[in-house]
Amino acid sequence: MASVGATPGRTPQGPGPREASASFPSPAPVPEPREAEEEDEEEPAEIHLCVLWSSGYLGIAYYDTSDSTIYFMPDAPDHESLQLLQRVLDEIDPQSVVTSAKQDENMTRFLGKLASQEHREPKRPEIILLPSVDFGLEISKQRLLSGNYSFIPDSMTATEKILFLSSIIPFDCLLTVRALGGLLKFLGRRRIGVELEDYNVSIPILGFKKFALTHLVSIDQDTYSVLQIFKSEPHPSVYKVASGLKEGLSLFGILNRCRCKWGEKLLSLSRRRAQAPDAQAQWPRPMGPAAPRHVGSSRTGAQTRVPCMAGGLPTTAPPGKPRLWFTRPTQDLEELNSRLDVIQFFLLPQNLDMAQMLHRLLGHIKNVPLILKRMKLSHTKVSDWQVLYKTVYSALGLRDACRSLPQSIQLFRDIAQEFSDDLHHIASLIGKVVDFEGSLAENRFTVLPNIDPEIDEKKRRLTGLPSFLTEVARKELENLDPRIPSCSVIYIPLIGFLLCIPRLPSMVETSDFEIEGLDFMQVAKAVNNATERSLVLIDEFGKGTNTVDGLALLAAVIRHWLALGPTCPHIFVATNFLSLIQLQLLPQGPLVQYLTMETCEDGNDLVFFYQVCEGVANASHASHTAAQAGLPEKLVARGKEVSDLICSGKPIKPVKELLKEKQMENCQMLVDKFLKLDLEDPSLDLDIFMRQEVLPAAATIL
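The model shown is predicted, which means the values in this text are computed figures rather than measured ones.

A. Layout of the pairing of strand β1 (residues 47–54). Most of β1 is tucked away: seven of the eight residues are buried. In the sheet, β1 pairs with strand β2 (residues 57–64) via eight bridges, with the strands oriented antiparallel. Directly across from Trp53, in β2, lies its bridge partner Leu58. The turn joining β1 and β2, which pair antiparallel and follow one another in sequence, is formed by two residues; a positive phi near 55° is taken by Ser55. Bridge count for β1 against strand β4 (residues 96–100) is three bridges, and the pairing is parallel. Directly across from Leu49, in β4, lies its bridge partner Val97.

Below, the structure written as structure tokens:
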């Protein structure tokens, strides 16, 4: 067990009467939700680690989904047993370990041992081997410099972006750069965090941060148990017996009373970490609100200084990692004394009111990285804006409170400096832009009036939408069949409106539901009214008339719009008229782009990828669709044969087997008729029988 001492004689003073009674800004009133505020339900954080080891040096980078940040460690020397890598794995507990398929014997042996650790809780990390070409130095640099990062302003030029990233990422650490490149390749392939999003949505990366392993004390499991830092006991609930143990009477149990979600993450426990021998890590010294806030005193009331075993939350450490305080004890005396100053300050009776006020402000500090991630993916809810608004104002209150406290204490000085005046600007913008009352009433994000004239105009249109749709329905009814008594219009956002008519008593057959000339009416309106800001959707236009006429009309309409040049509307045409391209009925140019659905033929099967790609469909795939619908194979094969004959211009011949079967049936029918003749019947006229029965049947047989 290792022990460290603190330098005595440091006595921080509490604020004077004037300082203790100072008031701090309170957030502007925000309407509360109708229901009780619920804590954000966060998905379990995932960490994906990429590591390279070469010539005695280690390059490490990992991605943390809890704050969408990539952390990297500059090239560091490591022993052949890879002890440093083992310490990193014990620290961050990654879900997957990504490395190159081309490795030396030491790394191969280490990964094999890691994959065979059956006792590792909660589960062993997934070992992922990528081709060595994915870790190339130049291609890795290209991935880093060409990435789409939300923290880089769009106004930056390519040169400014390179300089900015060079100030964050050590491009002289070749292994680290290669590890970062391989990690980006893996994230793009697995689409971590955006698995269900469109492919144009990039992986959310909110920053690059550096981490290091320094100034920590290694403590084994026996020491944790003897000092009663952790104490596990069976859970009393019968419903949670199978889920494991709960924390008993221990140092952690005493201190685990955090008001802020970030504090809970710092002190949150995972019993498996306490059972890991030599669990240690090294991180930069903490900054900001990382010092302990919940302290106690002895029975006699004497002020007590207890050496702090906690490691603190550094600004570069990812939030949500279990045991950050207790499994990473520091041996930095300056850091320990800095924490003890904070503890002694809040033990003074005259500082109790200040501690309670800070306690209330910390309760409003929420998970800002999670909100920023939702904003990047356009998943922001109204409650997220409320939480962000309260968080910013609470941060301002913490900043102003710490500025009034003794600046000789490092924690107060760090908070006063780190929380800049930009928070005032952020809070002011949110308060001036977000309409909290309207957002709660409509259950969607709304903006206050007089912020943007364009938004105000769109809101005015949205408000008057019922009257507008009524007028549209009236005009549509004038153009419909006189038998239709009424119609209604349904507005579909981002698409347009849907015209609905009642079913008439005369509508029985399928043809009764077709409105003659409706397609031409809609296309005529689009041709006469569409502008360069219009979106025109055409689906199978011309299929309801003669094939040649329909093809000619479709080509004429599209050529009319293309002739407009820059004022041509945005047009999406879905058609099965392949002759439109084969006969080159449309002019070539930048305004025309051909798209189709990506497919692949696997033997006799057709595989649909459900993705749009550039190109033209070379077939309608009707035979594959008919086979999937359950048509007999003979019919499908015959249909494909006839289609090929038509496309090649060859004559269509009947199937010999079917023709022979038909001839045999006709012969049998003719024989049956002869057998039924009664030649002794005086009324029988053989001439009539031959002309009406035999000769017509003979024409189908011969």
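That covers the picture; the talk isn't over yet.
B. Molecular detail of the pattern of salt bridges. Counted according to the given criterion, the structure contains 17 salt bridges. A salt bridge links Lys458 to Glu454; its shortest N-O distance comes to 3.6 Å. Linking Lys458 with Glu454, this pair stays in helix α18 (residues 453–463), spanning four residues, or about one helical turn. Note that Glu641 is salt-bridged to Arg638, the shortest N-O span being 3.5 Å. Placement of both Glu641 and Arg638 in helix α24 (residues 633–648) is noted, with a separation of three residues, approximately one turn of the helix. By relative accessible area, Glu641 is classed as partly exposed at 39%.

C. Structural context of unusual backbone geometry. The backbone of Asp93 shows a phi angle near 50°, a positive value even though the residue is not glycine. Relative to the elements of secondary structure, Asp93 occurs in the loop between α2 (83–92) and β4. Of note, the phi angle at Arg191 is positive, near 50°, even though the residue is not glycine. Counting through the fold element by element, Arg191 comes out in the loop between α6 (174–190) and β6 (207–210). Using a relative accessible area of 10% as the deciding quantity, one classes Arg191 as buried.

D. Geometry of helix α23 (residues 622–629). Residues of α23 that are buried include every one of Ser623, His624 and Ala626, and no others. One side of α23 carries all its buried residues, which in axial view fall inside an arc of 160°. Pointing more than 90 degrees away from the buried face of α23 are the exposed residues Gln628 and Ala629. Elements that come into contact with the buried residues of α23 comprise β13 (595–602), β14 (605–614) and α24. Of the residues flanking the end of α23, it is Gly630, one or two places downstream, whose phi is positive at about 105°.

E. A look at the sheet that holds β6. If you trace the six strands from one edge of the open sheet to the other, you get β5-β4-β1-β2-β3-β6, paired in mixed fashion. Of all the strands in the sheet, the pair left with one neighbour each is β5 (126–130) and β6. Sheet twist, expressed as the mean angle between neighbouring strand axes with direction ignored, is 20°. As defined by bridge partners, strand β3 (residues 69–77) adjoins β6 across four bridges and the pair is classed as parallel. What sits directly across from Phe72, in β6, is Lys210.

The rules behind each value
- Note that residues are indexed from 1 along each chain, following the sequence as it is written.
- The predicted nature of this model means local features are confined to residues of pLDDT at least 70 and side-chain atom pairs, given and counted, to a pLDDT of 80 or more, with totals for whole chains, interfaces and linings taken over all residues.
- Only hydrogens and water are removed before side-chain values are computed, so all heavy atoms of the structure are retained for them.
- Any residue under 20% of the maximum accessible area for its type is buried, any over 50% is exposed, and the rest in between are partly exposed; the area is computed with a 1.4 Å probe on protein chains only.
- The numbering of helices and of strands both runs from the N terminus, where a helix is a DSSP run of H or I of at least 4 residues and a strand a run of E of at least 2.
- In this analysis, strands are considered paired if DSSP registers two or more bridges between them.
- Within this document, salt bridges are pairs made up of a side-chain nitrogen of Lys or Arg and a carboxyl oxygen of Asp or Glu, the two lying within 4 Å of each other.
- Each direction from the helix axis to a C-beta atom contributes to the arc, which is the arc of those directions.
- We call two residues in contact whenever any of their non-hydrogen atoms come within 4.5 Å of each other.
- Interaxial angles span 0 to 180 degrees and are taken between N-to-C directions of axes, which are lines fitted to C-alpha atoms, for helices over the stretch in contact.

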